[in-house]
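Okay, here's what each chain looks like letter by letter:
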Amino acid sequence: MLRIAIQSKGRLHDDTVALLAEADIKITESKRTLLAKAKGYPLESLFLRDDDIPQTVFDGIADLGVVGLNELKEKGYDVDIVRSLGFGGCRLSLAIPKGEDYTDVSWFEGKKIATSYPKILQQFLEEKGIHASIHVITGSVEISTSIGIADAIFDIVSSGSTLVSNNLKEVEVVLHSEAVLIGNKSLSEEKKALLDGLLFRLEAVKQSEGKKYVLLNAPNESIEAITKILPGMKSPTVMPLAEAGWSSVHTVLDGDRFWEIVAQLRAVGAQGILVIPIEKMIL
Ligand code: ATP
Ligand code: MG
């Protein structure tokens, strides 16, 4: 049985549970229970605050965990980063009041910076040879400059709207972060095998993300033009239809170029185009 630490509530909770569900691993959610056994895989989930996830995995209380790279780097525990998960994207940035002139990091020399990420900030400042004082604050870092606690802030940014509404501007991006699957460094052989099985499922889910299965009918003389348009995984499958002179073409398309490609297909004679979501893809 594998034990995975998941944020009990907050920004990473829903995406983590949804990703496991797509891999057919269902976690029965009752916010009151700390430990829950999953259905569909020998896995149990331990619900924790994200602050506690790196240490829990390091100590081996949990075998795996899902946590933001920012949180992991700040806590600094030596665990394996098994894979990035493609959600919870954000960055850790330095921001200063909008009206300030900014040329380079030397602006921060002698300044006071408020943050919840002192360790990552300290490391960055050392690398740049900047001496600044760090004021550790756990919540509402973004109001620090307007209330006079600090000259600048170092905090999580995603859209940037929080900065704008606090009259701040982002001047240095220090870390790009997303949710990562972390693992204890000394898993037993049995647990490693379970982790491999879990990764195989996650891979199949991730591969299929944004992809669509497309079926269409076309007169045989259009097949060559259609094949040229389709950037499928391999060449498309072409099958004869019962009606003479017509074929059915099957392929996989990326969601982001989907409409553009469909328009091109129609222009060269494709008809009866059917689009089907792909649940899993094993290459
Ligand atoms: P907990 O109660 O578990 O300690 P928290 O308040 O520390 O929760 P959340 O705000 O739920 O944490 O954020 C969890 C993680 O989500 C962050 O560490 C970060 O990796 C990621 N994240 C993505 N976008 C944002 C954002 N706009 N603001 C904050 N965190 C974000
Ligand atoms: Mg937290």
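Let us look at the structure shown here. Bear in mind that the values here come from a model prediction, so they are computed numbers and not experimental data.

**Things to note about the coordination of the magnesium ion (ligand 2)**
Item 1. Around the magnesium ion (ligand 2), the protein supplies Asp50 (OD) and Asp51 (OD) as donor atoms, at distances of 2.1 Å.
Item 2. A relative accessible area of 26% means that Asp51 is categorised as partly exposed.

**Points about the nonpolar core**
Item 1. One finds Leu94, Phe108, Ile113, Phe154 and Ile182 to be the most contacted residues of the largest nonpolar core, which totals 30 residues.
Item 2. Contributing elements (two or more residues each) for this core: strand 4 (43-48), helix 2 (53-59), helix 3 (69-75), strand 7 (90-97), helix 4 (118-128), strand 10 (152-157), strand 11 (168-177) and strand 12 (179-183).
Item 3. Among all residues touching Leu94, those that are not within four sequence positions of it are Phe108, Ile113, Leu121, Phe124, Ile153, Phe154, Lys169, Glu170, Val171, Glu172 and Val174.
Item 4. Of all hydrophobic cores here, the second largest spans 26 residues; its members include Leu12, Ala23, Leu195 and Leu198.

**As for the sheet that holds strand 15 (residues 246-254)**
Item 1. Spatial ordering of the open sheet is given by 14-15-13-16, a layout of four strands whose pairing is antiparallel. Edge strands, defined here as strands with exactly one partner in the open sheet, are strand 14 (237-240) and strand 16 (271-277). With strand direction ignored, the average angle separating the axes of adjacent strands in the sheet is 20°.
Item 2. Where strand 13 (residues 211-219) and strand 16 come together, five bridges link them in antiparallel fashion. Each residue of the ladder has a partner; that of Val214, found in strand 16, is Val275.

**Observations regarding the site of ligand 1**
Item 1. Lining the immediate surroundings of ligand 1 are 15 residues, of which Arg49, Asp50, Asp51, Asn70 and Ser158 lie closest.
Item 2. A distance of 2.8 Å separates an oxygen atom of ligand 1 from a polar atom in the side chain of Asp50.
Item 3. The contact in question runs from an oxygen atom of ligand 1 to an N or O atom on the side chain of Asn70, over 2.7 Å.
Item 4. By residue class, the composition of the shell around ligand 1 is three nonpolar, seven polar and five charged.

Scoring rules and cut-offs
- Residues numbered from 1 in each chain as written.
- Chains lettered and ligands numbered in written order.
- Predicted model: local features only at pLDDT ≥ 70, side-chain atom pairs only at ≥ 80, totals over all residues.
- Heavy atoms only, no water.
- Donors = N, O, S within 2.8 Å, 3.2 Å for Na, K, Ca; no water.
- Buried < 20%, exposed > 50% of the residue type's maximum accessible area, 1.4 Å probe, protein only.
- Core = buried A, V, L, I, M, F, W, Y, C linked by side-chain atoms within 4.5 Å.
- Helix = DSSP H or I, 4+ residues; strand = E, 2+ residues; numbered from the N terminus.
- Contact = heavy atoms within 4.5 Å.
- Pairing = 2+ DSSP bridges.
- Axes fitted to C-alpha atoms, helices over the stretch in contact; angles between N-to-C directions.
- Near = heavy atom within 4 Å.
- Polar contact = N/O pair within 3.5 Å; in protein donor to acceptor, adjacent residues only side chain to side chain.
- Nonpolar A, V, L, I, M, F, W, Y, C, P; charged D, E, K, R; others polar.

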